[in-house]
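Tertiary structure, described
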Amino acid sequence: MRLVIADPPYPPFVGVGGRKNRSSRWYGAGQRSQKDAPSDHHPEAAEWDSPARHRRLLEDLCSQADGWAIATSADGIAAYGTLPLPCRVMVWVKPDAQPGSHRILSTWEAVIIFPPEGRRSNRSGRGAVKDHLVARVPRGFIGRKPPEWVEWVLEALSFDPADEVVDLFPGSGAVTEAICAYRTRCLVERKDP
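This report concerns the structure included in the present document. Note that the coordinates shown come from a computational prediction; the quantities given were computed from them, not determined experimentally.

A few words on the nonpolar core. Core analysis: the biggest nonpolar cluster contains 25 residues, and Ile5, Trp149 and Val153 have the highest contact counts within it. Looking at this core, the elements with two or more residues in it are strand E1 (2–6), strand E4 (67–73), strand E5 (88–93), strand E6 (108–114), helix H3 (147–156) and helix H4 (174–191). Counting residues per element, this core draws most heavily on H3, which supplies six residues. Contacts of Ile5, omitting those with residues within four sequence positions, involve Ala69, Trp149, Val150, Val153, Leu154, Val165, Val166, Asp167, Leu168, Phe169, Val175 and Ile179.

Take a look at the structure:
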């Protein structure tokens, strides 16, 4: 099976104070404050400031992958429109979330999961997968996901070590590293019951 983990730049925030384009700000040539640490630069970052681009990503994943996960912000779920029926929204709780400009601290991010058809159970034998994960935000690269996050997403996708898993937005490389480490661990556990 082909599984895809997509962690694109998050959709724009539209609310009190107007529209705030996240993609061009964090990954492109958009304005950052002097305190903002720069992240990986992507010349086409501004295209992700369009909710339509996020919807197109979802449609592409539905046609090109057996199962997939999309990381997004709490307010970014709406950019994806109506989700396909098998989708679930899971929550990554970040106990050490950084304060932003709003008085309400955002301590969670959404993960939209589309499990492969016919694979609704956990393949590792570890039991049911919770729809939330509490894990600290790794230091360094902006948007980096912790290894626990990757394992949680793979478990929700009913990962099998024989699956092809694609990290669609490699950024720091942390997701790809965690996929490889988890695959190795699953293979070792399979040999040593």
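This part is about the sheet that holds E5. If you trace the six strands from one edge of the open sheet to the other, you get E7-E5-E6-E4-E1-E8, paired in mixed fashion. On the outer flanks of this sheet lie strand E7 (132–134) and strand E8 (164–167), each paired with one strand and no other. Taking each pair of neighbouring strands and ignoring which way they run, the sheet shows an average axis angle of 20°.

The buried fraction of E1 amounts to four of the five residues, a majority that puts the element mostly inside the structure. Summarising the sheet, E1 and E8 pair through four bridges and their orientation is parallel. Across the sheet, Leu3 pairs through a bridge with Val165, a residue of E8. In the sheet, E1 pairs with E4 via four bridges, with the strands oriented parallel. In the strand pairing of E4, Leu3 is matched with Gly67.

A word on the environment of Gly67. For Gly67, the position within the fold is in strand E4. Between the alpha carbons of Gly67 and Phe114 there is a distance of 5.3 Å; along the sequence they are 47 residues apart. If near-sequence neighbours (up to four positions away) are discounted, Gly67 is found in contact with Arg2, Leu3, Val4, Phe114, Pro115, Pro116 and Leu157.

Let's shift gears to H3. Because an α-helix packs 3.6 residues into every turn, residues spaced three or four apart end up facing the same way. Where burial is concerned, most of H3 is hidden: seven out of the 10 residues are buried. A positive phi of about 55° marks Ser158, the residue just after H3.

Most of E6 is tucked away: six of the seven residues are buried. For E4 and E6, the ladder comprises six bridges, and the chain directions are antiparallel. Its bridge partner lying in E6, Trp68 is registered against Phe114.

A separate point is the packing of aromatic side chains. Under the defined criterion, the tally for this structure stands at two aromatic pairs. A ring pair is formed by Trp68 and Phe114, whose centres lie 5.3 Å apart and whose planes are at 5°; its orientation type is stacked. In this pair, Trp68 sits in strand E4 while Phe114 sits in strand E6, placing the two residues 46 residues apart along the sequence. Accessibility classification places Trp68 together with Phe114 in one group, the buried group. Between the NZ or CZ atom of Lys94 and the centre of the ring of Trp92, over which it lies, the distance is 5.7 Å. When the ring centre of Trp149 is taken as reference, the NZ or CZ atom of Lys145 above it lies at 5.7 Å.

Parameters at a glance
- Residues numbered from 1 in each chain as written.
- Predicted model: local features only at pLDDT ≥ 70, side-chain atom pairs only at ≥ 80, totals over all residues.
- Heavy atoms only, no water.
- Core = buried A, V, L, I, M, F, W, Y, C linked by side-chain atoms within 4.5 Å.
- Buried < 20%, exposed > 50% of the residue type's maximum accessible area, 1.4 Å probe, protein only.
- Helix = DSSP H or I, 4+ residues; strand = E, 2+ residues; numbered from the N terminus.
- Contact = heavy atoms within 4.5 Å.
- Pairing = 2+ DSSP bridges.
- Axes fitted to C-alpha atoms, helices over the stretch in contact; angles between N-to-C directions.
- Phe/Tyr/Trp six-rings, centres within 6.5 Å; stacked < 30°, edge-to-face > 60°.
- Lys NZ or Arg CZ within 6 Å of the ring centre and 35° of its normal.

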